[in-house]
Amino acid sequence: MTSSITVEKEKLENPPLDIHFLGDRALRQPAKRIAKVDDSIRLLAKEMLQTMYSSYGIGLAAPQVAINKQLIVIDCEPDNPANSPLILINPKITASSKELCILEEGCLSIPGVYLDVTRPKVVEVSFKDEQGKPRKIKATDLLARVIQHEMDHLNGVMFVDRVDNDLALTQKLQEKGFSRGAVKPVKS
């Protein structure tokens, strides 16, 4: 599945959008569905990709740039020019595996903090692409994790809300200057 939006995978001096950080209210708002996929949505996806690549990220959700829309961009291979990014509009997880896996996650909105999170190993997702066409994919491994991580942002959830090791969480957040009070624990 290739994206029709082309973006140079490079670090821009001045990315088009500003990433918001843990503690910002914009990150805790549930995102609204996108009613119509048009040029403004494609431009937003392009700017989100440019911002993501500029920050050395592999995923970015619109709420992270204070835009309250159900749009996420993902590129698990940012160093591979042949790999097209994935753009998911109004994504919905339709199935997930009972098998779970624990992997370390990080987030552009919480720079420098990396902690273990437990998530389903496989997910099936339905969404619209940047042309407004309905799509469905089955994702495993890193892609499945990134999709779940970014979709959490659409619901105002951040990965630190899912961390079980409270001691490590508090320590890492303090090390990087983030408030433990900004975490809103969720049970999976």
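From a predicted model like this one, the values you see are computed outputs, not experimental measurements.

Draft legend 1. Molecular detail of unusual backbone geometry. Residue Ala66 is not a glycine yet carries a positive backbone phi of 60°. A relative accessible area of 40% means that Ala66 is categorised as partly exposed. One non-glycine residue, Asp141, lies in positive phi territory at about 55°. Considering the arrangement of structural elements, one finds Asp141 in helix α2 (residues 141-154).

Draft legend 2. Quick peek at the pairing of strand β3 (residues 86-96). Summarising the sheet, strand β2 (residues 71-74) and β3 pair through 4 bridges and their orientation is antiparallel. Residue pairing for β3: Leu71 is matched across the bridge by Ile89. The sheet contact formed by β3 and strand β6 (residues 122-128) spans 5 bridges and is antiparallel. Within β6, the residue paired with Ile93 across the bridge is Val125.

Draft legend 3. Up close: helix α1 (residues 39-54). Helix length check: α1, at 16 residues, gives a terminal C-alpha distance of 22 Å against a target of 22 Å (1.5 Å per residue), a fit within 8%. Within α1, burial applies to Ile41, Leu44, Ala45, Met48, Leu49, Thr51, Met52, Tyr53 and Ser54. Buried positions along α1 lie against β1 (59-61), β2 and β3. Of the residues trailing α1, Tyr56 is marked for its positive phi of about 60°.

Here is what the cut-offs are and how they apply
Residues numbered from 1 in each chain as written. Predicted model: local features only at pLDDT ≥ 70, side-chain atom pairs only at ≥ 80, totals over all residues. Heavy atoms only, no water. Buried < 20%, exposed > 50% of the residue type's maximum accessible area, 1.4 Å probe, protein only. Helix = DSSP H or I, 4+ residues; strand = E, 2+ residues; numbered from the N terminus. Pairing = 2+ DSSP bridges. Expected span 1.5 Å × (residues − 1). Contact = heavy atoms within 4.5 Å.

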